[in-house]
Amino acid sequence: MPVVNRIAGMKEEITAWRRDLHEYPELSYDVHRTAASVADKLKAFGCDEVVPGIGRTGVVGVIKGKRHASGKVIGMRADMDALPMHEITGLLHASKIAGKMHACGHDGHTALLLGAAKYLCETRNFDGTAVLLFQPAEENGGGGKAMVDDGVMDRWGVQEVYGMHNQPGMAIGTFATCPGPMLAAADQVSIIIDAKGGHAAKPHLAIDPVLIGSHIVVAMQSIASRNVNPLDSAVVSLCMFHAGTAGNVIPQTAELTGTARSLTPQVRDMLEKRIVEIAEGTASMFGARATATFTRGYPVTQNHARQAAFAASVAAQVSGKDMVNDNVRPVMGGEDFSYMLEARPGAFVFFGNGDTASVHHPAYDFNDDAIPSGVSFWARLVETAMPA
Ligand code: NI
């Protein structure tokens, strides 16, 4: 069964919703206009229940099938937040808010799930309950965790949960998922070097934090190459190095900031241990002191094998088997859908955004041609998991 005809006929309407969201991007938990628009639409479609304010500004919509004797409950999640950056697309529907932009396609994700809600409210051709989870603060702030902490899974008895994200570079209509880890744990690294400032012409009387920081940056490269099993994956990137105020002054302190990524709890623990050891040990070797802080961010997005295979089979129904990769390589980005997968079995799925700028690029735009297959995926997921 290909793209659902009724859904293909809704493309223009869903595109209009998506572009409206795109024009008014909102950040983190401050997604008030977006959440209100989502709640209004869900009510207009005839959802059985629409509850705002879950996980601060998240919205939950509940749709019961024409039968619900099966007792099955499937959760589907879309993220609503944008990024603090300036859009350069010059499109008619470009952001109207300076310094804010839907550069990750969450406007598209929200519109896809709204389209599925409208279709499912009209047809109700399933035996069970569909729970739609519209979350704030995916980019930072852990809105997915906030919704789980607010009891969203227990309150509506969600048994399995699914999420989707667009991928530039993947063709329109293609899908990809995998069993096990799909996105990385994303942790923050902060190192403060406390040394001894002085005159640049008298380095022997100072302890130079810039030199120490440079040694730390180089030594950190040995973690991925010499501590991680070659068959495992890890990233350690120190991306900010702040020190000094003048060309002839050795500063007193230096600060390094970065990120560590891993796909298993063992590698994650090892990264934390080695980053702290290398920072503090290197500083001590030069007679200074470093304080290294490893702050855990989003955990690994860990797909459950049965649900990943099911999601791939639904994608194959919509697009054909050759358009679906059911064993895609994980990526080292992070995703707070991970918290929902810690709470319930489920799977995350990538879908093609075509040949566009990459996400988080100022020229990015969600590709509306992905709407028919994306919405059909959600609809068929519900109808297949809970057949009437
Ligand atoms: Ni995103």
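Summary of the structure given here. It should be emphasised that the depicted structure is a prediction, and the values quoted were computed from it without experimental measurement.

**Considerations on the packing of helix α2 (residues 11–23) against helix α4 (residues 106–123)**
- Where α2 meets α4, the closest approach of the two axes is 9 Å, and the angle between their N-to-C directions is 145°. With respect to the hand of their crossing, α2 and α4 are arranged in right-handed fashion. The residues of α4 that touch α2, namely those facing E13, I14, W17, R18, L21 and H22, are D107, G108, T110, A111, L114, G115 and K118.

**Looking at the packing of α2 against helix α3 (residues 32–45)**
- Closest axis-to-axis distance for the α2/α3 pair is 10 Å, and the angle between their directions is 160°. Comparing the axis directions of α2 and α3 gives the class roughly antiparallel. As α2 runs across α3, the sense of the crossing is right-handed. The residues of α3 that touch α2, namely those facing W17, D20 and L21, are R33, T34, S37, K41 and F45.
- For the contact of α2 with α3, the class distribution of residues is three nonpolar, two polar and three charged.

**Concerning the packing of aromatic side chains**
- Applying the stated rule across the entire model yields eight aromatic pairs.
- When the ring of F348 is compared with that of F350, the centres are 6.0 Å apart and the planes differ by 80°; the resulting orientation is edge-to-face.
- The buried category is assigned to F348, whose relative accessible area is 0%.
- Residue class for F350 comes out buried when judged on its relative accessible area of 3%.
- Through pairs of rings, three or more aromatic residues link up here, namely F175, F377 and W378.
- Taking the ring centre of Y29 as reference, the NZ or CZ of R56 above it sits at 3.8 Å.

**Things to note about the sheet that holds strand β5 (residues 160–167)**
- On the basis of which strands lie adjacent, the open sheet formed by eight strands has the order β1-β2-β4-β3-β5-β16-β6-β15 and mixed pairing. Whereas interior strands pair on both sides, the edge strands pair on one side only; in this sheet they are β1 (49–54) and β15 (324–325).
- Two strands pair when backbone bridges link them, and β5 and strand β16 (residues 346–352) are joined in this way by seven bridges, in the parallel orientation. Bridge pairing in β16 links M164 to V349.
- Where α3 meets the sheet, it contacts β1, β2 (58–64) and β4 (129–135), and its direction lies at approximately 15° from that of β2.
- Where α4 meets the sheet, it contacts β2, β3 (73–79), β4, β5 and β16, and its direction lies at approximately 145° from that of β3.

**Observations regarding the nonpolar core**
- Membership of the largest hydrophobic core comes to 62 residues, with the highest contact counts inside it found for L42, I63, M76, F134, F377, W378 and L381.
- In terms of residues, this core owes the most to one element, α4, which gives nine residues.

**Some remarks on the pairing of strand β13 (residues 289–295)**
- Because side chains alternate across β13, one face comprises the buried residues A290, A292 and F294, and the other comprises R289, T291, T293 and T295, none of which is buried.
- As judged from the seven bridges shared by strand β8 (residues 185–194) and β13, these two strands associate in the antiparallel manner. Across the sheet, the residue bridging to V189 is F294, located in β13.

What counts, and where the lines are drawn
- Residues numbered from 1 in each chain as written.
- Predicted model: local features only at pLDDT ≥ 70, side-chain atom pairs only at ≥ 80, totals over all residues.
- Heavy atoms only, no water.
- Axes fitted to C-alpha atoms, helices over the stretch in contact; angles between N-to-C directions.
- Helix = DSSP H or I, 4+ residues; strand = E, 2+ residues; numbered from the N terminus.
- Left-handed = near helix turned anticlockwise from the far one by under 90°.
- Contact = heavy atoms within 4.5 Å.
- Parallel < 35°, antiparallel > 145°, perpendicular 65-115°, else oblique.
- Nonpolar A, V, L, I, M, F, W, Y, C, P; charged D, E, K, R; others polar.
- Phe/Tyr/Trp six-rings, centres within 6.5 Å; stacked < 30°, edge-to-face > 60°.
- Buried < 20%, exposed > 50% of the residue type's maximum accessible area, 1.4 Å probe, protein only.
- Lys NZ or Arg CZ within 6 Å of the ring centre and 35° of its normal.
- Pairing = 2+ DSSP bridges.
- Core = buried A, V, L, I, M, F, W, Y, C linked by side-chain atoms within 4.5 Å.

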